[in-house]
Amino acid sequence: MFEKRAHSLPITALSFLTDSVLAVGTGPYLLVYKISSNLKSPAWTCECFEGLSNIHGIEVNYDEMRRYRCALFGGKHIELIDVVEDENHSLTGNRVGKQMILPDLIQAVKWIGEDNIGIVLGHNCLEVWNISGTNTRSYRCAEHCLLHSAECYGSSEETLLVAAGTIFREILLWRPVWGDSASTEILYRLTGHEGVIFGITFNVDGTLLSSVSEDRSIRIWNINLPKSKFQIDDVGGRPEIKQADRILYGHGARPWASVILNTTLISVAEDCTTRLWDVRTGECTKEWKDHGGKNVWCIAANLSSKLIATGGNDSSVNLKRLDTSTMDIVILSPLSIQDSVLLSWKNMKFINAKAVVLCDSSGCFSLYIRESETSDANNWMLEKNLYIDEEYADYSVIEFIPGKDILVAGSRDGSLCAFNIHSTIVPFKWRPHKGFVQGIYLFNNILDKSLDIFSYDTIASHIIWDVVTISDNCQVDVHHKALILLPENFQVTSLCLSQRRFLIIGSRTGDITSFNLHEEQLNIQPYRNLNISQQNLKENRDFKRCIKSNGLIRRAHTSTVTCIKFLSEYAANSTEIDDFQTRNKDLRIISCGRDGHFCLSDLLVDLTKGEWILQKKLSSRLSKGWLEQIIFFEKEMYFFGFFNKEFIILTQSGEKIFSVDCAGGHRRWDAHVSDQRILFAFIKKKDKVFCLETLTLKMVIQEEKSEQWSSLVSVRQTPKQSNA
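Everything in this summary refers to the structure shown in the same document. (Residues numbered from 1 in each chain as written. Predicted model: local features only at pLDDT ≥ 70, side-chain atom pairs only at ≥ 80, totals over all residues. Heavy atoms only, no water.)

## Details of the overall build of the protein chain
- Helix and strand content of the protein chain: two helices and 60 strands.
- Within the protein chain, the proportion of its 724 residues that are buried is 58%.
- Partitioning the intrachain contacts of the protein chain with sequence separation of at least 6 by distance along the chain shows that 50% fall at a separation of at least 24.
- Put simply, the protein chain shows about 31,300 Å² of open surface, and 45% of that area lies on carbon and sulfur atoms. (Helix = DSSP H or I, 4+ residues; strand = E, 2+ residues; numbered from the N terminus. Buried < 20%, exposed > 50% of the residue type's maximum accessible area, 1.4 Å probe, protein only. Contact = heavy atoms within 4.5 Å. Areas by Shrake-Rupley, 256 points an atom, 1.4 Å probe, with all protein chains shown as cover.)

## Some words on the packing of aromatic side chains
- The tally for this structure, following the rule as stated, stands at 25 aromatic pairs.
- Between Phe-350 and Trp-380 the ring centres are 6.4 Å apart and the planes differ by 50°, which places this aromatic pair in the tilted class. Residue Phe-350 is located in strand β31 (residues 345-352), and its partner Trp-380 is located in the loop between β33 (364-369) and β34 (381-388); the two are separated by 30 residues in the primary sequence. In this structure, Phe-350 and Trp-380 share a single accessibility class: buried.
- Every member of this aromatic cluster is reached through a ring pair, and the members are Phe-640, Phe-642, Phe-647, Phe-658, Trp-669, Phe-680 and Phe-682.
- Between Lys-242 and the ring centre of Tyr-188, over which it is positioned, the NZ or CZ distance is 5.7 Å.
- Sitting over the face of the ring of Trp-626, Arg-594 holds its NZ or CZ atom 4.0 Å from the ring centroid. (Phe/Tyr/Trp six-rings, centres within 6.5 Å; stacked < 30°, edge-to-face > 60°. Lys NZ or Arg CZ within 6 Å of the ring centre and 35° of its normal.)

## Details of the sheet that holds strand β24 (residues 264-269)
- One open sheet accounts for four strands, arranged β23-β24-β25-β26; its pairing is antiparallel. Only two strands of the sheet have a single neighbouring strand rather than two, namely β23 (255-261) and β26 (284-289). Pairwise comparison of adjacent strand axes, ignoring direction, gives a mean angle of 15° for this sheet.
- Of the strand pairs in this sheet, strand β25 (residues 273-278) and β26 are connected by five bridges, and their pairing is antiparallel. Opposite Arg-275, over in β26, you have Glu-287 as the bridge partner. (Pairing = 2+ DSSP bridges. Axes fitted to C-alpha atoms, helices over the stretch in contact; angles between N-to-C directions.)

## Quick notes on the side chain of Arg-219
- Examined against the element boundaries, Arg-219 turns out to sit in strand β20 (residues 218-222).
- Assessed through its relative accessible area of 5%, Arg-219 is described here as buried.
- Of the polar contacts made by the side chain of Arg-219, one reaches the backbone oxygen of Gly-192; its length is 3.3 Å.
- Within the structure, Arg-219 has its side chain in polar contact with the side chain of His-193 (distance 3.2 Å). (Polar contact = N/O pair within 3.5 Å; in protein donor to acceptor, adjacent residues only side chain to side chain.)

## A look at unusual backbone geometry
- For Asn-262, which is not a glycine, the phi torsion comes out positive at approximately 55°.
- Within the element layout of this structure, Asn-262 appears in the loop between β23 and β24.
- Accessibility expressed as a relative area gives 66% for Asn-262, which makes it exposed.
- Of note in the backbone geometry, Cys-272 takes a positive phi value of approximately 70° without being a glycine.
- Inspection of the secondary structure puts Cys-272 in the loop between β24 and β25.

## Remarks on the nonpolar core
- Of all hydrophobic cores here, the largest spans 20 residues; its most connected members are Val-408, Trp-430, Ile-440, Leu-442, Ile-453, Val-476 and Val-478.
- For this core, the elements supplying multiple residues, two or more each, are β35 (397-401), β36 (406-410), β37 (416-420), β38 (428-430), β39 (437-445), β40 (450-457), β41 (462-470) and β42 (476-485). (Core = buried A, V, L, I, M, F, W, Y, C linked by side-chain atoms within 4.5 Å.)

## Quick word on the pattern of salt bridges
- Scanning all chains against the criterion turns up 20 salt bridges.
- For the salt bridge of Lys-429 with Asp-389, the shortest nitrogen-to-oxygen distance reads 2.7 Å. Linking Lys-429 in strand β38 with Asp-389 in the loop between β34 and β35, this pair joins segments that are 40 residues apart in sequence.
- Residue class for Asp-389 comes out buried when judged on its relative accessible area of 9%.
- Salt bridges here are not isolated pairs; linked through shared partners, they connect Asp-389, Glu-391, Lys-429 and Arg-431. (Salt bridge = Lys/Arg side-chain N within 4 Å of Asp/Glu carboxyl O.)

## Looking at the sheet that holds strand β22 (residues 246-248)
- Sheet architecture is open: four strands sit in the order β18-β19-β20-β22, paired in antiparallel fashion. Every interior strand has two partners, whereas the edge strands, β18 (197-202) and β22, have only one. Averaged over neighbouring strand pairs, the angle between their axes works out to 20° when direction is ignored.
- Pairing geometry for β20 and β22, over three bridges, is antiparallel.

## As for the pairing of strand β15 (residues 171-174)
- Taking every second residue as pointing to the same face, both faces of β15 are buried, with Ile-171 and Leu-173 on one and Leu-172 and Trp-174 on the other.
- With four bridges connecting them, strand β14 (residues 161-166) and β15 associate as antiparallel partners. Bridging from a neighbouring strand, Ala-163 pairs with Leu-173 of β15.
- Connecting β14 to the antiparallel partner β15 that follows it, the hairpin turn spans four residues, and Arg-169 within it adopts a positive phi of roughly 65°.

## Description of the environment of Phe-643
- On the secondary structure map, Phe-643 appears in strand β54 (residues 636-643).
- Judged by its relative accessible area of 35%, Phe-643 falls in the partly exposed class.
- For Phe-643 and Leu-627, which are 16 residues apart along the polypeptide, the C-alpha to C-alpha distance reads 8.8 Å.
- When residues no more than four places from it in sequence are discounted, the contact partners of Phe-643 are Ser-623, Lys-624, Gly-625 and Ile-648.

## Digging into the side chain of Thr-18
- Among the secondary structure elements, Thr-18 is positioned in the loop between β1 (11-16) and β2 (21-26).
- Within polar-contact distance, the side chain of Thr-18 engages the backbone nitrogen of Val-21 at 3.1 Å.
- Setting aside its immediate chain neighbours within four residues, Thr-18 contacts Tyr-68, Asn-302 and Leu-303.

## Observations regarding the state of the cysteines
- For the coordinates displayed, the defined rule picks out zero disulfides.
- Unpaired in this structure, Cys-70 has its nearest cysteine sulfur neighbour in Cys-46, at a distance of 9.3 Å. (Disulfide = S-S within 2.5 Å.)

## Here we look at a nonpolar patch on the surface
- Side chains of Leu-146, Ile-167 and Phe-168 sit close together on the surface and give an oily, nonpolar patch of about 280 Å² of accessible area.
- For Leu-146, the location among the structural elements is in the loop between β12 (135-141) and β13 (147-153).
- Judged by its relative accessible area of 40%, Leu-146 is partly exposed. (Patch = residues over 30% accessible without salt bridge, like charges linked within 9 Å, V, L, I, M, F, W, Y side chains within 5 Å.)

So this is what it looks like as structure tokens:
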């Protein structure tokens, strides 16, 4: 039994407390690392905001007593944490005051002296709160508008400056007037961006300002402001409009954040890169591509400007030294966090008898392995996290095909993602659907060694046929091939493709229909990888090539058709090749359903009309429960199903050779058969995956059934670390 102790959450905030102490925000958790010590373990951790919000920023106030007061903010919440370094250089922490809840979304926080913090809110307002949690002053900019980002410069009331990135793609520079006035005037209006402004930062002396935007540009402004206390009367009318002094282009996708270090600007973006720029010339002097091909969200520099840290969507923090040739140090991947919050399992898929992929409620796909097929069924260990995407957090559909090492997952937002479980190359993500992806089916194309993907959603009246190609270096590319138009009111529940390119589809009402794909010579349309470019790919849904049904619909079952197989698959597993397959060009189909029946049907050619017809040859009721899957094994055919709170295995004659209590049917379960072994696993109560292994399909369980189960992976509640 294994406890899940690692939460793979994106790194959303970074801040250096000293040259060698780094604060990391990941989800609602704060982790503090001493870079000179073991990087795999944080020196101190805590959960913030009672888990109600993620940490979006960390603002640090320094003193000479080795106490670092951190203002953590996210959503509408602020929490103050004191991190203290003792004489032995050990780090401890404790909370200061009570949690602050603001009336609006927080865009920026800045310390004003030792006991007050300035907070920029989403409607271009500034509020000043003291550390006891009391709002002492409020100021409103003369232009009251929504903000996408903000930043403050200055450490006192006299020098505080607000840079507000508005929804109108402008940056407004304004200062609060410390007096009776509740409103202030704008000093500068910085224009030129053609998209949303994601981040703003000042250099150390406040003379330069940089901004990153949805238009993929990074802009630098020279800011000349009075250093003394500013009064509105000095503005002299309307604010000055300024264009950027330098515009930097180079990122292949949207930049998220930047930092200015003397004459160098460093930026991170969703194209998985970190870039160094010369502020004077605008040239990109260096580029790193890291974080496992995931978005790079945030960046921070230490006090001596010799070390930078970047945080990514792969749950890791990378350190890069700017003063040596050693540029890249991975601090941790993934981040381990001991907490009391449970992640639930959403789906699972066996890769083979020694590997299984699990997806949890954070959208993380994890590979669990065991040493050998003869190991105990509960002897599984986390090998690595394959991919994390918030779109797959609440819902996912997973499919895998042996021999290709390609796993495909579908989300509630209509996206699909294909990735190689043994490669670190960026997964290929595309969005062919408009609704929940309800089903995915993968088939090997023996003609060109590609992979056919058939997927469908909950609202469309068609199946989307895509093709996956895999290069010699394991690069995955996806192309659209055709839309397969379904008959009216036909809800897909199962699907199978023969080597002769006949597609058979089962429905929720028990009907079966077919499509002949053999004669379709189709031009394929390439997709763009959303993990590299988040553009609105409207053209991906503009599918022009459609395939219609052969016109036949046959009622095979009285309830949902759960599985369809071609008898050729059985022949490939048997030395006795079926005479019908040998003598005819027609196809024999086996299906099972939730009516407990298994059916044998023939797909025939009507020579007089030149049409295909579907003819049912045999129907037999094997169980009063559900039949869910058909397995060919050792010259025999077996049926997996559920009945009377048990998982059952039946033979073709209806003989029950195996049963075990599992509390009934499950939406998320899987089985794997190989070398006289069967592995069956299901998700129970969302926090545990149970796995049963038997040595042969012929064995009959005699002992008490509930004792046969072992927990594959268990998500358990672990105690919080002390906040003191």
